[in-house]
Amino acid sequence: MVTVASYVLALDQGTTSSRSVLVDRAGEIVASAQAELTQSFPQTGWVEHDPNEIWSTQAATIAAVLAKADVSPRQLAAVGIANQRETTVLWDRHSGQPVAPAIVWQDRRTAAACDLLRATGVEPDIVRRTGLRLDPYFSATKLAWLLDTIPGARARATRGELAFGTVDSWLVYKLTGHRQHVTDATNASRTMLVNLQTGDWDPEMLRLLQIPPACLPTIVATARAATSMVADIAGHPVPLTGIAGDQHAALFGQACFAPGMAKNTYGTGCFLLANTGDTAQISQHKLLTTVAWQIDQQRQFALEGSVFVGGAVVQWLRDGLGIVQHAADSEALAASVPDSDGVYCVPAFTGLGSPHWDPHARGAFFGLTRGTTRAHIARAALESIAFQSADLLAAMQLDSGTPITELRVDGGATANNLLMQFQADILGIPVVRPRYAETTALGAAYLAGLGVNFWSSQDEIAANWQSERRFLPQLDTAAAQARLVDWARAVERTRGWSRPAAPNV
Ligand code: ADP
């Protein structure tokens, strides 16, 4: 009997859950399975995952999705991975066991180490080499911390006994029966150890952080032809042809293939990425430069900005203030008033991300009057998500040679029509919601499928992409501008708030 390979399996290993998704040739999601991942907070500012649980939950969802759809591994044309980025795993090559918990991207334990490095004046050189800022967010200082802290680790890493990887590396290692130690170009570009120009590990960065090259994975393309890499899926070999960091996969899943095309993901935080084509543009406006993807030998680049508190401000309305029962209720509550009546919310609960980069900023409401109601609070909170995203887009427009003329959106909070309309109003460009919100998994599937000719070209993938709704700007430019000016005034007043006040003299 001939079995037709009818599906691509996409693994979406996120911060809070592991998911597996089956995608057919039309780009339809046929089935999915999900398992929660335990979050550990052993100390203030520390966030850890158990690498073995990352793998066991991922493996369980693979089995579950195949069972749910009654699909055999023989029907899989390829497997692709999208993963939480920057999270750092260190394991023993001999036993295959992790030597420490994974240090998650949110973990701030290396903040002091970053400050010490910054004081030596190296940051401008780091930005130039890696396209990133000197921040605990990226893998480099997390790996250095592990090598410094685990007794004997640096010596073992130097002898090649320990392997470092981001979550993609760890999953590939597991999926290939401990045979492959690789990472893809997008994940590698988030380590702060890779040179943007060469695409390879940067000797100067390795020296600065005392990282032994022997522990590093081989950097491979994001989408690659089916060659030697084969994953064991339920005992059956399946070509492993696509690997990308989650935000890069989402950019691909949104078919943002040409320079100037951009997507914003509205989850807990917001991540805006704009394709800048084949030039790695160093931002003049405090954005990050990152590899969008590498297809065979061809690299494309992106500018990236992130908002720390996006949809999370709605969680706070629900759990902190208790003024809505479900996140979705925020829309009706906000729509019960015609506008925010001059109220502005700056949800700088954990400081401000790009383009402000102020760890000392703290949240605030402005413009409260005796007439302010919870509806105004909810409306101002929703608007703050759009205002923060507008700051990112404005920085991108200034940096990017190609104007961004529409914004493709995805993530949980895009279900909120009021938020999406306000986003279009404040940006002055259309905001487009696709038929499938699962762009991360779709992106991983598309990248993997390209490698095995399941889809013949990016054009075919772009043709699969469908808009569900276009939100067109309805506010006139002057009114939008006035709102942005007031927003900027509010942001300014939150800056530096948590820094101790200077003594009176
Ligand atoms: P993540 O992948 O970061 O967990 P999701 O894409 O699942 O995020 O989106 C969840 C976020 O979206 C939550 O922060 C939630 O508050 C917000 N959210 C979900 N539905 C809505 C809604 N209808 N209106 C506003 N925010 C929403």
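Scroll up to find the structure.
Definitions and cut-offs
- Residues numbered from 1 in each chain as written.
- Predicted model: local features only at pLDDT ≥ 70, side-chain atom pairs only at ≥ 80, totals over all residues.
- Heavy atoms only, no water.
- Helix = DSSP H or I, 4+ residues; strand = E, 2+ residues; numbered from the N terminus.
- Rg over C-alpha atoms; globule rule 2.2 N^0.38 Å.
- Buried < 20%, exposed > 50% of the residue type's maximum accessible area, 1.4 Å probe, protein only.
- Contact = heavy atoms within 4.5 Å.
- Areas by Shrake-Rupley, 256 points an atom, 1.4 Å probe, with all protein chains shown as cover.
- Lys, Arg positive; Asp, Glu negative; His and termini not counted.
- Charge placed at Lys NZ, Arg CZ, Asp CG, Glu CD.
- 1 Å grid on protein atoms, 1.4 Å probe; cavity = no way out; pocket = protein on both sides within 12 Å on 5 of 7 lines; lining within 4 Å.
- Points joined across faces, edges and corners; volume = space filled by probe spheres on them.
- Nonpolar A, V, L, I, M, F, W, Y, C, P; charged D, E, K, R; others polar.
- Pairing = 2+ DSSP bridges.
- Axes fitted to C-alpha atoms, helices over the stretch in contact; angles between N-to-C directions.
- Phe/Tyr/Trp six-rings, centres within 6.5 Å; stacked < 30°, edge-to-face > 60°.
- Lys NZ or Arg CZ within 6 Å of the ring centre and 35° of its normal.
- Near = heavy atom within 4 Å.
- Polar contact = N/O pair within 3.5 Å; in protein donor to acceptor, adjacent residues only side chain to side chain.
- Salt bridge = Lys/Arg side-chain N within 4 Å of Asp/Glu carboxyl O.
- Expected span 1.5 Å × (residues − 1).

Caption draft 1: Region of the structure containing the overall build of the chain. From N to C terminus, the chain includes 16 helices and 21 strands. A globule of 505 residues ought to have a C-alpha radius of gyration of about 23 Å, and the chain, at 22 Å, matches this closely. Its C-alpha atoms give the chain principal-axis dimensions of about 70 × 60 × 45 Å. Across the 505 residues that make up the chain, the buried fraction comes to 58%. Nonlocal contacts in the chain, meaning residues at least 24 apart in sequence, comprise 72% of its contacts between residues at least 6 apart. When the accessible surface of the chain is summed, it comes to about 19700 Å², and 53% of that surface belongs to carbon and sulfur atoms. Of the charged side chains in the chain, 39 are positive and 46 negative, and the gap between their average positions amounts to 3 Å.

Caption draft 2: Quick look at the layout of surface pockets. The calculated volume of the second largest pocket comes to roughly 280 Å³. Around the second largest pocket, the lining is made up of 16 residues, and of these I426, L427, G428, Q481 and L484 lie nearest the centre. The set of elements that each furnish at least two residues to the lining of the second largest pocket consists of α12 (374–399), α13 (417–427) and α16 (477–494). Broken down by element, the residue count for the lining of the second largest pocket peaks at 5 residues, all from α12. Taken together, the residues that form the lining of the second largest pocket break down as 9 nonpolar, 4 polar and 3 charged.

Caption draft 3: Broad picture of the sheet that holds strand β20 (residues 431–434). In spatial order, the strands read β15-β16-β14-β13-β19-β20-β21; together these 7 strands make up an open sheet with mixed pairing. Looking at which strands have only one partner, the edges of the open sheet turn out to be β15 (288–295) and β21 (467–471). Across the sheet, the mean angle from the axis of one strand to that of its neighbour is 30 degrees, orientation sign disregarded. Relative to strand β16 (residues 298–307), β15 is paired through 7 bridges, and the arrangement is antiparallel. Residue pairing in the sheet places T289 in a bridge with L303 of β16. Its contacts with the sheet place helix α9 (residues 246–253) against β13 (262–266), β14 (270–277), β15, β16 and β19 (407–410), and it is angled at close to 60 degrees to β15.

Caption draft 4: Just the sheet that holds strand β11 (residues 230–233), in detail. Ordered by their spatial adjacency, 6 strands build an open sheet running β3-β2-β1-β5-β12-β11, and the pairing between neighbours is mixed. Each having just a single partner strand, β3 (29–36) and β11 make up the two edges of the open sheet. On average, each strand axis in the sheet is tilted by 30 degrees relative to the strand beside it, whichever way the strands run. Of the pairings in the sheet, the one linking β11 to strand β12 (residues 236–245) comprises 4 bridges and is antiparallel in character. Paired with V230 across the strands is P239, a residue of β12. Against the sheet, helix α1 (residues 51–69) makes contact with β1 (7–13), β2 (17–24), β3, β5 (76–83) and β11, and its axis sits at roughly 35 degrees relative to β2, the strand it touches most. Running over the sheet, helix α6 (residues 167–175) touches β1, β5, β11 and β12 and is turned about 145 degrees from β5.

Caption draft 5: Layout of the pairing of β13. With respect to burial, β13 is a largely interior element, 5 of its 5 residues being buried. Burial along β13 is two-sided: the face carrying A262, N264 and Y266 and the face carrying K263 and T265 are both buried. Relative to β14, β13 is paired through 5 bridges, and the arrangement is antiparallel. Along β14, the bridge assignment pairs A262 with A274.

Caption draft 6: Up close: the packing of aromatic side chains. In this structure the tally under the stated criterion is 17 aromatic pairs. With a centroid separation of 4.9 Å and 40 degrees between ring planes, the pair formed by W91 and Y173 is classed as tilted. Here the residue W91 occupies a position in strand β6 (residues 89–92), and Y173 occupies one in helix α6, the gap between them amounting to 82 residues. Residue classification places Y173 among the buried positions, given a relative accessible area of 4%. Ring geometry for F454 against W455: centres 4.8 Å apart, planes inclined by 90 degrees, an arrangement best described as edge-to-face. Through a chain of ring-to-ring contacts, three or more aromatic side chains come together here, namely Y344, F387, F422 and W487. Looking at R25, its charged tip hangs above the ring of F454, at a distance of 4.2 Å from the centre.

Caption draft 7: Broad picture of the site of the ligand. Around the ligand, the structure places 13 residues, and the nearest of them are T268, G311, Q315, G412 and N416. Here an oxygen atom of the ligand sits 2.7 Å away from a polar atom, N or O, in the side chain of T268. Within the backbone of G412, a nitrogen or oxygen atom sits 2.8 Å from an oxygen atom of the ligand. In isolation the ligand exposes 570 Å². Once the protein is present, 69% of that is buried. Ranked by residue count, the leading element in the shell around the ligand is helix α10 (residues 312–320), at 3 residues. When the residues that make up the shell around the ligand are grouped by side-chain class, the tally is 5 nonpolar, 8 polar and no charged.

Caption draft 8: Expanded view of the pattern of salt bridges. This model, assessed by the stated rule, comprises 28 salt bridges. A salt bridge links E161 to R156; the shortest N-O distance between them is 3.4 Å. On the accessibility criterion, E161 (30% relative accessible area) is partly exposed.

Caption draft 9: Structural context of the environment of T402. Structurally, T402 is set in the loop between α12 and β19. Sequence spacing of T402 and A157 is 245 residues, and the spatial spacing of their C-alpha atoms is 44 Å. If near-sequence neighbours (up to four positions away) are discounted, T402 is found in contact with P259, G260 and Q397.

Caption draft 10: Structural context of α1. Here α1 spans 27 Å end to end across 19 residues, near enough to the 27 Å set by a 1.5 Å rise per residue. Within the sequence span of α1, burial applies to P51, E53, I54, T57, Q58, T61, I62, V65 and L66. By the N-cap criterion, in which a side-chain oxygen at the helix start approaches the backbone nitrogen of a residue two or three places on, α1 is capped by D50, the distance to N52 being 2.8 Å. A positive backbone phi angle near 55 degrees is found at D70, which sits one or two residues after α1.

Caption draft 11: Spotlight on the pairing of β11. Alternating residues of β11 divide into A231 and I233, all buried, and V230 and D232, none buried. The hairpin formed by β11 and β12 contains 2 residues between the paired strands, and A234 there has a positive phi angle of roughly 50 degrees.

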